[in-house]
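Report on the structure
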Amino acid sequence: MFSFRNGSRGENINKKTFLIQLYVDGIGVTNPIGPKKDQHKLTVIYFTLEDIPELFRSILQCINLVTICYTKYLNDDTKIKKIYEPIINDLNDLQSTGLIINTFNSQILFTFTNVAGDNLALHELGGFQQSFNSGYICRRCLITYGNRLIPLTDIYFIQRTEAQHQRVLKSLENNPQVKSIFGVSGPSALNDLHNFNSTLSLPADCMHDFFEGVCPLIIMAMLKEASRSRLITFGAIQTRTENFVYGELDGSNKPPSIQVKHLTNERITGTAAQKYCLFRLFPIIFSDIVEHLELFKIYLVLRELLDMILAVPQRKSWIPYMETLSINFQSMMIEMLPEKIITKIHFVTEYTRVIEENGPPVKYWCMRFEGAHLYFKKVAMQSYNFKNIPKTRAKRYQLRQCFLLSKEKFLRTFDEGSGGRMVYMNQIESKIKNLLNRRYGQQVTDSNQALMQYSQLIHNHIIYKQNAVYVYDLAHVEEIPLFFQIIYILKLNHQWLFIVDFLNTESFISKLWSYKVSSSGRLEIISPFDLQFYHKGLDLYEVNHIHVVNLASRLTKEN
Ligand SMILES: [Zn+2]
């Protein structure tokens, strides 16, 4: 499964249409701590086209502003209708008549797919209750807050369906004195949008459910257990997280250290990406203690599940196993951490269904929009202009968008080297010279020609770094990743080339959730154009004198 088109909902759509996705979120303009108590709070909606090739998808230019308004205006039905009506009309037009582009002499049609957002925003938009600690807490099923403590081995929750949802809406309409039924408080603001359905079009978001929810919760619980069992003190945890050396690629999401006060307040600070980085590298940072932790068993189940959830592509055949992992995770939580059963624990168990319906969650998660949204927040904070905030912000954003779209690099592939220096053939090690000899002939290496050496190349929007590790293939039925490490990035006669060391994948070490690798000493020349899959660079870490690579998601071949 690669996209929405491979899920059950995508199978029935017109294959010749482009997919449109919305994203909704709130911004606090005057209160840097959070939007909750901010009277200038804004609600912002963006759209993106899902069919833009994967390489470009998270690039800011592909995320466009739809609307921006004061959140306080969205407090009664007529105002909400006023805001959403033009959006619904436009989207319905795009879905029925589409765009006529004379140059192509054709009509381009669109299909609305999903709205991405955090759980609160989506419940608000879908007409569901906005409290997650009482009553019917889920927009996908009929679980109640009290029932979340029953292991999934013993209970099955009835799924919400469109028909059932419509019946509830009818009852609400007939009984205006009733505030909500089954956690439904009224029709969605998007009810008139074609292809929108409250129970299906508001899928789960793994950034909020995992990175901001369950992952930091498990990290904190493990650290507390470690301290209780006298494996490590709070002070030592702080020192360790302060001093851990993150790899160059992980370094861009380097989490802040976990200070003693954070452990006392049970709070992991940082952005979603930083919290995920900490979760992913936890077994490496605390390699000496993880084995002694009871709760590490929960980590391993959650990690295996999350690796599969974050994968693109995914295999339909994984789904039954993911279901088992979800049930195990929830049952273990109830047994070992009953006081930590937050609503997100339940949401985590529903990803198999969400994936079956919508395809890989990474295609509709909030992470994609975070970049654009962060820019917006920054502009909002920095301009100190509180007169008609939505208008000034929208104008700034649109002007910037015009500028970015006018630049030549938009949706183009380009090569950009950095950290470059000139080297001469006679300065190059003989081993590498031999390689160049074999590829380009003796005359190139004999000539003492100059060539450029770089520490980084951005090719097709992918970062290639010297010393970083890349997956070049998957071996056997088990799909064991095969890695190489980039030793040098060179440019010779206008051609980019990597000198790489093919690594031996020796074993998978469960307790580090990482592959143990070693150098094969076999150097090769590779062109960036040779690499077709698995473009994400990885850092090499050393734990007890062995080298390990920690993958961010499960990989599978595209066939
Ligand atoms: Zn549910």
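Residues numbered from 1 in each chain as written. Predicted model: local features only at pLDDT ≥ 70, side-chain atom pairs only at ≥ 80, totals over all residues. Heavy atoms only, no water.

Scanning the protein chain for helices and strands turns up 15 helices and 17 strands. On C-alpha atoms alone, the protein chain measures out to a radius of gyration of 26 Å, which is about the 24 Å that the 2.2 N^0.38 rule sets for 559 residues. By its C-alpha atoms, the protein chain is 90 × 70 × 50 Å across when sized along the principal axes. Restricting the contact set of the protein chain to residue pairs at least 6 apart, pairs at least 24 apart contribute 65%. Total accessible area on the protein chain stands at roughly 26,500 Å², and carbon and sulfur atoms take up 52% of it. When the 61 positive and 52 negative side-chain charges of the protein chain are each reduced to one mean point, those points stand 6 Å apart. (Helix = DSSP H or I, 4+ residues; strand = E, 2+ residues; numbered from the N terminus. Rg over C-alpha atoms; globule rule 2.2 N^0.38 Å. Contact = heavy atoms within 4.5 Å. Areas by Shrake-Rupley, 256 points an atom, 1.4 Å probe, with all protein chains shown as cover. Lys, Arg positive; Asp, Glu negative; His and termini not counted. Charge placed at Lys NZ, Arg CZ, Asp CG, Glu CD.)

The buried count for strand β1 (residues 18-27) comes to 9 of 10 residues, which makes it a mostly enclosed element. Bridge count for β1 against strand β6 (residues 110-116) is 5 bridges, and the pairing is parallel. Looking at β6, one finds that Leu22 is bridged to Val115. As paired elements, β1 and strand β2 (residues 42-49) share 8 bridges and run antiparallel to each other. (Buried < 20%, exposed > 50% of the residue type's maximum accessible area, 1.4 Å probe, protein only. Pairing = 2+ DSSP bridges.)

All told, the structure shown has 17 salt bridges when counted by the stated rule. For Lys79, the salt bridge goes to Asp76, with nearest N and O atoms at 3.8 Å. Two residues, Glu266 and Lys224, come together in a salt bridge whose shortest N-O distance is 3.4 Å. Taken together, the residues span a long stretch of sequence, with Glu266 in the loop between α6 (260-265) and α7 (272-285) and Lys224 in helix α4 (residues 206-228) at a distance of 42 residues. (Salt bridge = Lys/Arg side-chain N within 4 Å of Asp/Glu carboxyl O.)

Turning next to the packing of aromatic side chains. Within the structure shown, the criterion is met by 26 aromatic pairs. When the centroid spacing of 6.3 Å and the interplanar angle of 35° are considered together, the rings of Tyr470 and Phe484 count as tilted. Taken together, the residues Tyr470 in strand β12 (residues 469-475) and Phe484 in strand β13 (residues 480-492) connect sequence positions 14 residues apart. Among the aromatic residues, ring-to-ring pairing joins Tyr464, Tyr470, Tyr472, Phe484, Phe498 and Phe502 into one connected group. Cation over ring: Lys72 sits above Tyr70, and NZ or CZ is 5.0 Å from the ring centre. Looking at Arg148, its charged tip hangs above the ring of Tyr145, at a distance of 3.7 Å from the centre. (Phe/Tyr/Trp six-rings, centres within 6.5 Å; stacked < 30°, edge-to-face > 60°. Lys NZ or Arg CZ within 6 Å of the ring centre and 35° of its normal.)

We now examine the coordination of the zinc ion. The zinc ion binds to the protein through Cys138 (SG), Cys141 (SG), His346 (NE2) and Glu350 (OE), with metal-donor distances spanning 1.9 to 2.3 Å. Around the zinc ion sit 4 donor atoms; with metal-centred angles ranging over 100 to 118°, the donor geometry is tetrahedral. (Donors = N, O, S within 2.8 Å, 3.2 Å for Na, K, Ca; no water. Tetrahedral: all angles 85-135°; square planar, octahedral: opposite > 155°, others 65-115°.)

Okay, α7 next. With 14 residues, α7 should reach 20 Å at 1.5 Å per residue; the first-to-last C-alpha distance of 19 Å fits that figure. Along α7, 14 of the 14 residues are buried, which leaves the element largely enclosed by surrounding structure. (Expected span 1.5 Å × (residues − 1).)

Following Val312, the chain continues into Pro313 via a peptide bond in cis, with omega recorded as 0°. Examined against the element boundaries, Pro313 turns out to sit in the loop between α8 (296-309) and α9 (319-336). Even without being a glycine, His476 presents a positive backbone phi close to 65°. With a phi close to 45°, Asn493 is a non-glycine residue in the positive phi region. One can find Asn493 in the loop between β13 and β14 (495-509). Overall, the relative accessible area of 47% leaves Asn493 in the partly exposed class.

Moving on, we come to the sheet that holds strand β7 (residues 415-418). Strand order in this open sheet of 3 strands is β7-β10-β11, and the pairing throughout is antiparallel. Because the sheet does not close on itself, it has two edges, and the strands there are β7 and β11 (462-465). Averaged over all neighbouring strand pairs, the angle between strand axes comes to 15°, with direction disregarded. Pairing between strand β10 (residues 456-459) and β11: 4 bridges, direction antiparallel. Bridge assignment links Gln456 to a residue of β11, and that residue is Lys465. (Axes fitted to C-alpha atoms, helices over the stretch in contact; angles between N-to-C directions.)

It is at 9 Å that the axes of α8 and α9 come closest, and there the two elements cross at 150°. Classified by the angle between their axes, α8 and α9 sit roughly antiparallel to one another. The hand of the α8/α9 crossing is left-handed. On α9, the residues that touch Lys297, Ile298, Val301, Leu302, Glu304, Leu305, Met308 and Ile309 of α8 are Tyr321, Met322, Leu325, Ser326, Asn328, Phe329, Met332, Met333 and Met336. The residue makeup of the contact of α8 with α9, split by class, is 13 nonpolar, 2 polar and 2 charged. (Parallel < 35°, antiparallel > 145°, perpendicular 65-115°, else oblique. Left-handed = near helix turned anticlockwise from the far one by under 90°. Nonpolar A, V, L, I, M, F, W, Y, C, P; charged D, E, K, R; others polar.)

Before going further, it helps to spend a moment on the nonpolar core. The biggest cluster of nonpolar side chains holds 91 residues, and the ones touching the most others in it are Tyr46, Phe210, Phe211, Ile218, Phe286, Phe329 and Met333. With 14 residues, α4 is the single largest residue contributor to this core. With residues near it in sequence (within four places) discarded, Phe286 still touches Leu223, Ile232, Ile237, Arg240 and Thr241. (Core = buried A, V, L, I, M, F, W, Y, C linked by side-chain atoms within 4.5 Å.)

This paragraph deals with the domain arrangement of the protein chain. Taken as a whole, the protein chain is organised into domain 1 (4-127 + 187-201 + 367-406), domain 2 (206-349) and domain 3 (415-549). Here the C-alpha centroids of domain 1 and domain 3 sit 40 Å apart. (Domains from an automatic or database assignment.)

Among the structural elements, Arg303 can be located in helix α8. Overall, Arg303 belongs to the buried group, its relative accessible area being 0%. Only 2.9 Å separates the side chain of Arg303 from the backbone oxygen of Leu551, close enough to count as a polar contact. Each residue touching Arg303, except ones within four places of it in the same chain, is listed here: Phe279, Arg280, Trp513, Asn550 and Leu551. (Polar contact = N/O pair within 3.5 Å; in protein donor to acceptor, adjacent residues only side chain to side chain.)

Considering the arrangement of structural elements, one finds Arg554 in the segment after β17 (546-549). Relative accessible area serves as the criterion here: at 33%, Arg554 is assigned to the partly exposed category. C-alpha separation for the pair Arg554 and Leu337, spaced 217 residues apart in sequence, amounts to 27 Å. When residues no more than four places from it in sequence are discounted, the contact partners of Arg554 are Asp307, Met308, Ala311 and Trp318.

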